[in-house]
Amino acid sequence: MSDRQTLRDWLLTETPTSRRHAKLSALYHGWLTFRSNSMAMLGLAILVALVLTALFAPLLAPLDPFEQNLSQRLLPLGAENHLFGTDSLGRDILSRLIYGARITLYIVALVALIAPIVGLLVGTVSGYVGGWIDTVLMRVTDIFLAFPRLVLALAFVAALGAGIENAVIAISLTAWPPYARIARAETLTIRSSDYISAIKLQGAGPLRIITKHIWPLCISSLIVRVTLDMAGIILAAAGLGFLGLGAQPPSPEWGAMISEGRRFILDHWWVATMPGLAIFTVSLAFNLLGDGLRDVLDPKAGD
Amino acid sequence: MALADNADTRRPNRAPLSRASWSVIKTVLSTIGSVAVTLLGLLLVTFVIGRVMPIDPVLSIVGERASQSTYDAVFYELGLDKPLLVQFLYYLWDVLHLDFGISLLNARPVSEDIVRVFPATLELATVGILLGVVIGVPLGVLAAVRKDSWIDQIARVVALVGYSMPIFWLGLMGLLIFYGILGWVGGPGRVGIFYVDVVPTVTGLILVDSLLDGNIEIFKDAFSHIILPASLLGYYSLAYISRMTRSFMLEQMNAEYITTARVKGLSEWDVVWKHAFRNIRVQLITVIALSYAGLLEGSVLTEIIFSWPGIGSYITTALLSADMNAVLGGTVVVGLIFILLNIFSDLLYKIFDPRAK
């Protein structure tokens, strides 16, 4: 007990003894602010549960998500052995939802890696180099920003062919411009600061300045934006799946499951309802977490 | 200022343009430039998409059993032997003449199809945005004026749920509850099956056409069909509009002139609507224009759920049957409207909001 007290005191100290100490202390302060926001904590809890579900899907799922059993088709909620009922091929909906968590996380993680990195590259180069490169890159960004995202993603998938990977590429291609804008704005304020001039005098080249001194400072605003965007990414991916352009059957992707259940909506409502609730819960969790993170990392942006 | 005045007095025969109207003209010109560049970018993207697709455009026209000479004839007719840049210029030329090629599904010009399906989407999105504005704006204003009260909390939850709910799923649930169980609204489609093509098409908007025809029964039927999908779209714009209204209003309500107005003894109604709200009108119109553009796009999934024969259904159907001309034509049209609404809101903001200068 006394050990924990001292650790807490060490973290909350006003006079850090080293750089790492100061960093940890700042992180801990952020965590304390975040923890006091109960909605954000709820969001975090849901997402931790989602990750654990995806990791341990084979252990958690009561049945094989692909096993068909036509004598057991369209069983209602709470049926024996099938808590969430079964779909039109007699597959257990709960098991499919549990395995579907993996696909959702896979898509979100890939898009959340690709789009911000592309945006960071474009934005920092544009902001740091300036001149005609800046004009051209920002013009391209503006053009992409002015596009209808879902329709453009549809057209991309149409050209590339349906499938999860192509859906990821299509969503990423339409998702990077806002990150480029943010990264550029951050770069412009950082570029003219004294410490950048100091490093320049020490002989640092543009590559080193961008990667070592500008990127780290752009990260926190990008993280907030990515978290807030994740709900949109999930909805877009589910929309593509629903249209039959994302994950292909028999994959237990949630959007595709809704599309399957759509045919029975009036008589067997649970087939489409359950995956929809799953999508809603997860994107709500991302929104809650994003709001909380914004309050910690970027307090000015909130209202 | 003085210099400009001198310049005007030296040439009295020319009507002097005030500085303000000059800056408006400049803004309009630069806006036209940026529309052109953005549109060029859009067409470049759709052109590239059309080229990278794995489907052979010639084969999809002539079929697999065509002879080599037929294949070659179509190949040259499409200009596929020319360099890419020339092909792109051809494409630009065609699109500028509103020629999006022939649909492979029904062998009709894509532009004709789009003219036919577009009014359905326009009708849906317009009723949607009306609902979103009529409910969203007062909700946002109330939430700002009574910050942290129960109505603010409700506005917050409404928006949060709107941002997190898959629109196609909410549509299905709406159909299940209001059509399947309660029977309050019409089912999928624009009108009941007996009323299809009964009123003459004038505007293509059934609500308007039926009124022009004096056919109240069809108007009622069309209304019962549109109300659910339009409320759904309206809900999404409401979420965004109410949030933005709230934050614009909060900014105003903290300003000093509001305190002055209160000290003068104005009623709270006058303070809110005649002072604070007046100052957010331009910002609000930009937001509404943007969400209108968003609705045109959001209608893609909604149209599928409600079997609404609009441009979203058109693009998706074409997509699933690899009718690339139709997909790209539809994308260009939606993109064009999107760009124009974007720029329109931008322009409005620049011209009417003195703070933007």
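All values reported here derive from a predicted model rather than from experimental measurement. In this convention, every chain numbers its residues from 1, walking through the sequence in written order. Starting at A for chains and at 1 for ligands, labels are handed out in the order in which the entities are written. Given that this is a predicted model, residues contribute local features only at a pLDDT of at least 70 and side-chain atom pairs are listed and counted only at 80 or more, while totals for whole chains, interfaces and linings are drawn from all residues. The basis for the side-chain values is all heavy atoms of the structure; hydrogens and waters are excluded.

## Some remarks on the overall build of chain A
Link 1 in the chain: Helix numbering and strand numbering both begin at the N terminus, where a helix is a DSSP run of H or I of at least 4 residues and a strand a DSSP run of E of at least 2. Helix and strand content of chain A: 13 helices and zero strands.
Link 2 in the chain: Helices (α) and strands (β) of chain A occur, in sequence order from the N terminus, as α-α-α-α-α-α-α-α-α-α-α-α-α.
Link 3 in the chain: Taking all 303 residues of chain A together, the buried fraction comes to 49%.
Link 4 in the chain: A contact between two residues is defined here by any heavy atoms of the two lying within 4.5 Å. Excluding contacts between residues fewer than 6 apart, the proportion of contacts in chain A whose partners are at least 24 apart in sequence is 68%.
Link 5 in the chain: Surface exposure here means Shrake-Rupley accessible area, sampled with a 1.4 Å probe, where a residue is shielded only by the protein chains that are shown. Counting only carbon and sulfur atoms, one obtains 64% of the accessible surface of chain A, whose full area is about 14,600 Å².
Link 6 in the chain: In this count, Lys and Arg are taken as positive residues and Asp and Glu as negative ones, while His and the chain termini are left out. Here the site of a charge means NZ on Lys, CZ on Arg, CG on Asp, or CD on Glu. Looking at charge distribution, chain A has the averaged site of its 23 positive side-chain charges lying 9 Å from that of its 21 negative ones. The buried label goes to any residue with under 20% of its type's maximum accessible area, the exposed label to any with over 50%, and the partly exposed label to all in between, with areas taken from a 1.4 Å probe on protein chains only.

## Quick notes on the environment of A:T281
Link 1 in the chain: Mapped onto the elements, A:T281 comes out in helix α13 (residues 270–297).
Link 2 in the chain: Classification of A:T281 by relative accessible area gives partly exposed; the value is 34%.

## Considering the UniProt feature "domain: ABC transmembrane type-1" (unreviewed entry) in chain A
Link 1 in the chain: UniProt positions are given in the numbering used here, feature names are shortened, and annotations may be inferred rather than shown by experiment. Taking the UniProt record as the reference, the feature "domain: ABC transmembrane type-1" (unreviewed entry) is found at residues 101–290 of chain A.
Link 2 in the chain: Span residues 101–290 of chain A is 83% helix and 0% strand, its end C-alpha atoms 20 Å apart.

## Some remarks on the UniProt feature "transmembrane region" (unreviewed entry) in chain A
Residues and elements named next belong to chain A.
Link 1 in the chain: Here, UniProt's "transmembrane region" (unreviewed entry) annotation points to residues 39–63, 103–130, 150–176, 222–248 and 268–290.
Link 2 in the chain: As annotated, residues 39–63 has a helix share of 84% and a strand share of 0%, and its two end C-alpha atoms lie 33 Å apart.
Link 3 in the chain: For residues 150–176, the end-to-end C-alpha separation is 14 Å, with 85% helix and 0% strand making up the annotated structure.

## A few points about the nonpolar core
Link 1 in the chain: Residues enter a nonpolar core if they are buried and are Ala, Val, Leu, Ile, Met, Phe, Trp, Tyr or Cys, with the set joined through side-chain atoms within 4.5 Å. Grouped together as the largest cluster of nonpolar side chains are 171 residues, with contacts concentrated most on A:W254 and B:M249.
Link 2 in the chain: In terms of residues, this core owes the most to one element, helix α12 (residues 268–305) of chain B, which gives 16 residues.
Link 3 in the chain: Apart from residues no more than four positions distant in its own chain, B:M249 is found in contact with B:V141, B:A144, B:V272, B:A276, B:F277 and B:I280.

## Points about the interface of chain A and chain B
In many analyses, interface size is given as the accessible surface area lost on bringing the parts together.
Link 1 in the chain: Contacts between chain A and chain B engage 40 residues on the former and 43 residues on the latter.
Link 2 in the chain: Taking both sides of the interface into account, the surface hidden between chain A and chain B amounts to around 3,800 Å²; carbon and sulfur atoms contribute 80%.
Link 3 in the chain: The working definition used for a salt bridge is a side-chain nitrogen of Lys or Arg within 4 Å of a carboxyl oxygen of Asp or Glu. At the junction of chain A with chain B, the criterion picks out zero salt bridges.
Link 4 in the chain: For the purposes of these results, a polar contact is taken to be a pair of N or O atoms within 3.5 Å, where, inside protein, one atom must be able to donate a hydrogen and its partner to accept one; residues adjacent in sequence count only when each atom of the pair is a side-chain atom. Summed over the shared surface of chain A and chain B, the number is five residue pairs in polar contact (both at pLDDT 80 or more).
Link 5 in the chain: Of all the secondary structure elements, the ones that give two or more residues to the side of chain A that touches chain B are α6 (131–145), α7 (149–160), α11 (206–242), α12 (254–262) and α13 of chain A. Note on terms: buried area is the combined drop in 1.4 Å-probe accessible area of two parts once they are placed together, counting the loss on both.

## Points about the confidence of the model for chain A
Link 1 in the chain: Averaged over all residues, the pLDDT of chain A is 84; the fraction at 70 or higher stands at 96%.
Link 2 in the chain: Within chain A, helix α1 (residues 2–12) of chain A has the poorest average pLDDT of any element, 70, and helix α5 (residues 93–129) of chain A the best, 91. One confidence number per residue, pLDDT, is output by the predictor and ranges from 0 to 100.

## Topic: the pattern of salt bridges
Link 1 in the chain: Tallied over the entire structure, the rule returns 14 salt bridges over all chains.
Link 2 in the chain: One connected set of salt bridges, linked through shared partners, spans A:D87, A:R91, A:R96 and A:E260.

## Description of a nonpolar patch on the surface
Residue and element names in this part refer to chain A.
Link 1 in the chain: Patches here are clusters of residues that have more than 30% relative accessible area and form no salt bridge, with a 9 Å joining cutoff for like charges and a 5 Å cutoff for nonpolar side chains (Val, Leu, Ile, Met, Phe, Trp, Tyr). A surface patch of nonpolar side chains, amounting to about 670 Å² of accessible area, comprises V48, V51, L52, L55, F56, L59 and L60.
Link 2 in the chain: Looking at the nonpolar patch, the elements with two or more residues in it are α3 (38–55) and α4 (57–60).
Link 3 in the chain: For the nonpolar patch, the leading source of residues is α3, giving four residues.
Link 4 in the chain: Its place among the elements puts L55 in helix α3.
Link 5 in the chain: For L55, a relative accessible area of 55% translates into the label exposed.

## Describing the packing of aromatic side chains
Residues and elements named next belong to chain A.
Link 1 in the chain: Working definition: a ring pair exists when centres of Phe, Tyr or Trp rings (six-membered ring for Trp) sit within 6.5 Å. Plane angles under 30 degrees give stacked, over 60 give edge-to-face, the rest tilted. Under the criterion given, the structure shown has eleven aromatic pairs over all chains.
Link 2 in the chain: Between the aromatic rings of W31 and F34, the centroid separation amounts to 6.1 Å while the plane-to-plane angle is 25°, which identifies the pairing as stacked. Placement of the pair is W31 and F34 together in helix α2 (residues 19–35), with a separation of three residues, close to one helical turn.
Link 3 in the chain: Residue classification places W31 among the partly exposed residues on the basis of a relative accessible area of 35%.

## Notes on the confidence of the model for chain B
All names here are of chain B.
Link 1 in the chain: Averaged over chain B, the pLDDT score is 81; the fraction of residues at 70 or greater is 92%.
Link 2 in the chain: Within chain B, the lowest mean pLDDT, 44, falls on helix α1 (residues 2–10), and the highest, 90, falls on helix α6 (residues 110–145).
Link 3 in the chain: Note on residues 1–12: pLDDT under 50 across the span, and three contacts to partners over four residues away in sequence or across chains.
Link 4 in the chain: Per the prediction output, this complex has pTM 0.83; the corresponding ipTM is 0.81.

## Some points on helix α8 (residues 167–181) of chain B
Link 1 in the chain: In a regular helix each residue adds 1.5 Å, so 15 residues correspond to 21 Å; α8(B) covers 20 Å between its end C-alpha atoms and thus fits that length.
Link 2 in the chain: Turning to α8(B), its buried residues number three or more, namely B:I167, B:F168, B:W169, B:L170, B:G171, B:L172, B:M173, B:G174, B:L175 and B:L176.
Link 3 in the chain: Buried-residue contacts for α8(B) involve α11, α12 and α13 of chain A together with α10 (216–253) and α12 of chain B.
Link 4 in the chain: The positive-phi residue at the C-terminal boundary of α8(B) is B:G183, with phi of around 65°. Here the expected span of a helix is defined as 1.5 Å times the quantity of residues minus one.

## Side note on the environment of B:V198
Link 1 in the chain: Counting through the fold element by element, B:V198 comes out in the loop between α8 and α9 (206–212).
Link 2 in the chain: The spacing of B:V198 and B:S210 is twelve residues in sequence and 9.0 Å in space, taken between C-alpha atoms.

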